[in-house]
Amino acid sequence: MANRGPSYGLSREVQQKIDRQYDPELEQVLVRWILAQCGGDGGSAVAQPAPGRDGFQQWLKDGTVLCRLINSLHPRGQAPVAKIQASAMAFKQMEQISQFLQAAERYGIAATDIFQTVDLWEGKNMACVQRTLMNLGSLAVAKSDGLFVGDPNWFPKYVGVLEREEGRLWGPVGMLTPPCSRRKSQENRRVFSEDKLKEGQSVIGLQMGTNRGASQAGMTGYGMPRQIL
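Residues numbered from 1 in each chain as written. Predicted model: local features only at pLDDT ≥ 70, side-chain atom pairs only at ≥ 80, totals over all residues. Heavy atoms only, no water.

(A) Region of interest: the overall build of the protein chain. Looking only at helices and strands, one finds eight helices and zero strands in the protein chain. Taking all 229 residues of the protein chain together, the buried fraction comes to 36%. In the protein chain, once contacts between residues fewer than 6 apart in sequence are set aside, the share between residues at least 24 apart is 62%. Accessible surface, the protein chain: about 14800 Å² in total, of which carbon and sulfur atoms supply 52%. (Helix = DSSP H or I, 4+ residues; strand = E, 2+ residues; numbered from the N terminus. Buried < 20%, exposed > 50% of the residue type's maximum accessible area, 1.4 Å probe, protein only. Contact = heavy atoms within 4.5 Å. Areas by Shrake-Rupley, 256 points an atom, 1.4 Å probe, with all protein chains shown as cover.)

Structural data, given as C-alpha cells:
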C-alpha cells in the first residue's frame, strides 16, 4: 500500500485506530460519484478501482483521477489543473495530488477538512481522504451550478455525521440521522441604518461587564483610616 516499512508498538496501535475509521460503504458511494463525475468531462473513461482500502488508495495515488474530478467541477475553459499526466515518478504523483488539494481549497473546502499529500500517497490516513472527497461532493451539490453529476442524495446524510465512539469525530455511515449533520454555513448578510449603528455605540456590551447596581454608599473618603467599631 505504501513505500514504507511496518510500524511497531504505539505507532502501530495509532495506525490501526486510524485504519478502523475507513468506511467501506462510503468508499462505494465515492467511487460511484467519481466515475459518474469524470465520465462527462470529455476525456477517456476512468477505470473501476479494485474494492477495498488498498485498491481505493492505488486508484487515487497518482493524482490523475483527483485532478480530473476537480476539473469537472469547473466550467469548460476554467479548469484549475491545466495539465494532467499519468506518471510512475513519485514526485510527479505527489505534485498532482498537491494541485488537487490547492484547487479543492480554492473551490471552497476548508483547510481543516483537507487531507495531507502523504495521507493518500503513503496510505497513512485514507479515512481523511474519504472525508475530503465527501465534503467536496457535498459542496458541489450545494453550489447548484449544474456541474455536479450523479445523485445528490449520495451526500447529505454523510456530511458532518458525528460519532463519539472511540473518540472519533466521524463515524460509520448512518449512525445518526440527518438533523444531526453539520452543513456548510451560508452567508446571511445584515444591513443596519446609520441611526441603528449610532444607537449601538452607546450600549455597553456585556463582554465589558455592567455598571448596574453600582453604588458608593457606605464608602469612606480616600486616604482616611478604616473605621473599626
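(B) Spatial organisation of the nonpolar core. Counting 41 residues, the largest nonpolar core has Leu60, Phe100 and Leu133 as its most contacted members. Listed by contribution, the elements that provide at least two residues to this core are helix 2 (24-39), helix 3 (53-60), helix 4 (64-72), helix 5 (90-107), helix 6 (117-121) and helix 7 (126-143). Per-element accounting of this core gives the leading share, eight residues, to helix 7. Discounting residues that sit within four places of it in the chain, Phe100 has contacts with Leu66, Cys67, Ile70, Phe115, Leu133 and Leu136. (Core = buried A, V, L, I, M, F, W, Y, C linked by side-chain atoms within 4.5 Å.)

(C) Broad picture of the packing of helix 2 against helix 3. Helix 3 packs onto helix 2 with a crossing angle of 30° between their chain directions and a minimal axis gap of 11 Å. With respect to helix 3, the element helix 2 is oriented roughly parallel. Both helix 2 and helix 3 take part in a crossing whose hand is left-handed. Only Arg53, Phe56, Trp59 and Leu60 of helix 3 make contact with helix 2, whose side of the interface consists of Glu27, Leu30, Val31, Ile34 and Leu35. Residues that form the contact of helix 2 with helix 3 fall into these classes: seven nonpolar, no polar and two charged. (Axes fitted to C-alpha atoms, helices over the stretch in contact; angles between N-to-C directions. Parallel < 35°, antiparallel > 145°, perpendicular 65-115°, else oblique. Left-handed = near helix turned anticlockwise from the far one by under 90°. Nonpolar A, V, L, I, M, F, W, Y, C, P; charged D, E, K, R; others polar.)

(D) Focus on the packing of aromatic side chains. Counting across every chain of the model gives six aromatic pairs. Geometrically, the ring pair formed by Trp33 and Phe148 is stacked, given 6.1 Å between the ring centres and 20° between the ring planes. Residue Trp33 is found in helix 2, and its partner Phe148 is found in the loop between helix 7 and helix 8 (194-201); the two are separated by 115 residues along the sequence. The two residues Trp33 and Phe148 agree in class, both being buried. Centroid distance Phe100 to Phe115: 6.3 Å. Interplanar angle 25°. Geometry classified as stacked. On the criterion of sequence distance, the pair formed by Phe100 in helix 5 and Phe115 in the loop between helix 5 and helix 6 is long-range, its members being 15 residues apart. Each member of the pair, Phe100 as well as Phe115, is classed as buried. Taken together, the ring pairs connect Tyr22, Phe56 and Trp59 into an aromatic cluster. (Phe/Tyr/Trp six-rings, centres within 6.5 Å; stacked < 30°, edge-to-face > 60°.)

(E) Structural detail: helix 3. For helix 3, the complete set of buried residues consists of Gly55, Phe56, Gln57, Trp59 and Leu60. In this fold, the buried residues of helix 3 make contact with helix 2, helix 4, helix 6 and helix 7.

(F) Looking closely at the pattern of salt bridges. The tally for this structure, following the rule as stated, stands at two salt bridges. As a salt-bridge pair, Glu95 and Lys92 come within 3.9 Å of each other at their nearest N and O atoms. Separated by three residues within a single helix, Glu95 and Lys92 lie in helix 5, roughly one turn from each other. For Lys124, the salt bridge identified is with Glu122, shortest N-O distance 3.4 Å. (Salt bridge = Lys/Arg side-chain N within 4 Å of Asp/Glu carboxyl O.)

(G) Region of the structure containing the confidence of the model for the protein chain. Across the protein chain, pLDDT averages 78, with 70% of residues at or above 70. Long-range and interchain partners of residues 157-182, a stretch whose pLDDT sits below 50, account for 45 contacts in this model, where long-range means more than four residues apart. (pLDDT = per-residue confidence, 0-100.)

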